[in-house]
Amino acid sequence: AQSVTQPDIHITVSEGASLELRCNYSYGATPYLFWYVQSPGQGLQLLLKYFSGDTLVQGIKGFEAEFKRSQSSFNLRKPSVHWSDAAEYFCAVGPILTGGGNKLTFGTGTQLKVEL
Amino acid sequence: GAGVSQSPSNKVTEKGKDVELRCDPISGHTALYWYRQSLGQGLEFLIYFQGNSAPDKSGLPSDRFSAERTGGSVSTLTIQRTQQEDSAVYLCASSLEWFPGDTQYFGPGTRLTVL
C-alpha cells in the first residue's frame, strides 16, 4: 500500500531564512506528487504538483520542490520564508493509472512556525 | 469564481445522533471527494464520486458512514449513530475531471464534535 512520510512534525525558522520540508513516499511506481498548505481554519491549497519532466517543480508563493527518484523523496523548499508562510504543510501522492481514480494519500503534515 | 463550500462550518452533536454534512463543489467539476482530518489519523480519504460512475467507497471507516451526490453537484455525507471517535474535520474537495493528477480544490471543512 502507498504511504507518505513527513518526518518533521514541527519546524521553526526565522523570517528570511531558507526552508526545506521533507517528504518520502512508498509506492509501486512514481506517483503523482503534491504539496498542499493549510492555514488555520482554511482548507488545503495546492502549492505544486509533479508527475514527470523536470525534477525541480516551481509552485505558487515562491515554493519549489525537487523530486529524487533514487531517494523516493519530494522535498519542498523556499529560499526566504515570510511570516505569512506559517501554516501546516502536507505532502500527498496520487495514482497514475486511470483505474486508480484520483484519491490522494497524505502525509501527517509538518507544522511550520516562523519567528520574526 | 466561487470555491468549494461546506456547511455547517461547525457541528456539535451528542453521541448516538445522526449528522449530515453538506458540500457544494465548484460548478462544472465532475469529481467530488470527502476526506477526514483527525488528530490521531491525519488526513484520510473517505469516498469519491466520479461523474456518473459508482462512487469509490473504499475509505469509509464503517457502515455508519454514507454519502450521496445529487444531480452530479451537491454532496451530503451522513454519519449515523455518531461516536466520539467520529470527531474530526471533514473536508470536501472537487476536481474538474476524475483523471489521476487532476488538481483537487478543497473546501474549508466542517468541524464535527461528538460529545
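Residue numbers here run from 1 along each chain, matching the order of that chain's written sequence. As a convention, the first chain written is A and the first ligand written is 1, with the rest following in written order. Reporting of local features is limited, given that this is a predicted model, to residues whose pLDDT is at least 70; pairs of side-chain atoms are given and counted only at 80 or more, and all residues count toward the totals for whole chains, interfaces and linings. Heavy atoms from the whole structure form the basis of all side-chain values; hydrogens and water molecules are not counted.

> Help me get a handle on the interface of chain A and chain B, residues and values and all.
Two residues qualify as a contact provided that any one of their heavy atoms is within 4.5 Å of a heavy atom in the partner residue. Listed per partner, the contact involves 20 residues of chain A and 21 residues of chain B. Buried area, as used here, totals the accessible surface that two parts lose on assembly, with accessibility defined by a 1.4 Å probe and the loss added over both. Here chain A and chain B share an interface that buries about 1,700 Å² over both sides, 56% of which is from carbon and sulfur atoms. For the chain A face of the interface with chain B, the top three residues by lost area are Leu 44, Asn 102 and Lys 103 of chain A, together amounting to 35%. One speaks of a salt bridge when a side-chain nitrogen belonging to Lys or Arg is within 4 Å of a carboxyl oxygen belonging to Asp or Glu. Remark: the boundary between chain A and chain B carries 1 salt bridge. Between N or O atoms, a polar contact is any pair within 3.5 Å; within protein, one atom must be a potential hydrogen donor and the other a potential acceptor, and residues adjacent in sequence are included only when both atoms are from side chains. Counting across the chain A and chain B interface gives 13 residue pairs in polar contact (both at pLDDT 80 or more). Secondary-structure elements contributing two or more residues to the side of chain A that touches chain B are β5 (32–38) and β6 (44–50) of chain A. Helix and strand labels come from DSSP, where a helix needs a run of H or I of at least four residues and a strand needs a run of E of at least two; each type is numbered from the N terminus. The leading source of residues in the side of chain A that touches chain B is β5 of chain A, at 4 residues.

> I'd love a proper account of unusual backbone geometry, names of residues and values included.
Here the amide bond leading from Ser 7 of chain B into Pro 8 of chain B is cis, since omega sits at -10°, within 30 degrees of zero. If you trace the backbone, Pro 8 of chain B turns up in the loop between β1 (5–7) and β2 (10–13). For Lys 61 of chain A, which is not glycine, the phi dihedral falls at a positive 60°. Its place among the elements puts Lys 61 of chain A in the loop between β7 (56–58) and β8 (64–68). The backbone of Ser 72 of chain A shows a phi angle near 50°, a positive value even though the residue is not glycine. As for its placement among the helices and strands, Ser 72 of chain A is situated in the loop between β8 and β9 (73–78). Partly exposed describes any residue whose relative accessible area lies between the buried limit of under 20% and the exposed limit of over 50%, with all areas from a 1.4 Å probe on protein chains only and scaled to the type maximum. Taking the relative accessible area as the measure of exposure, Ser 72 of chain A reaches 25% and is therefore partly exposed.

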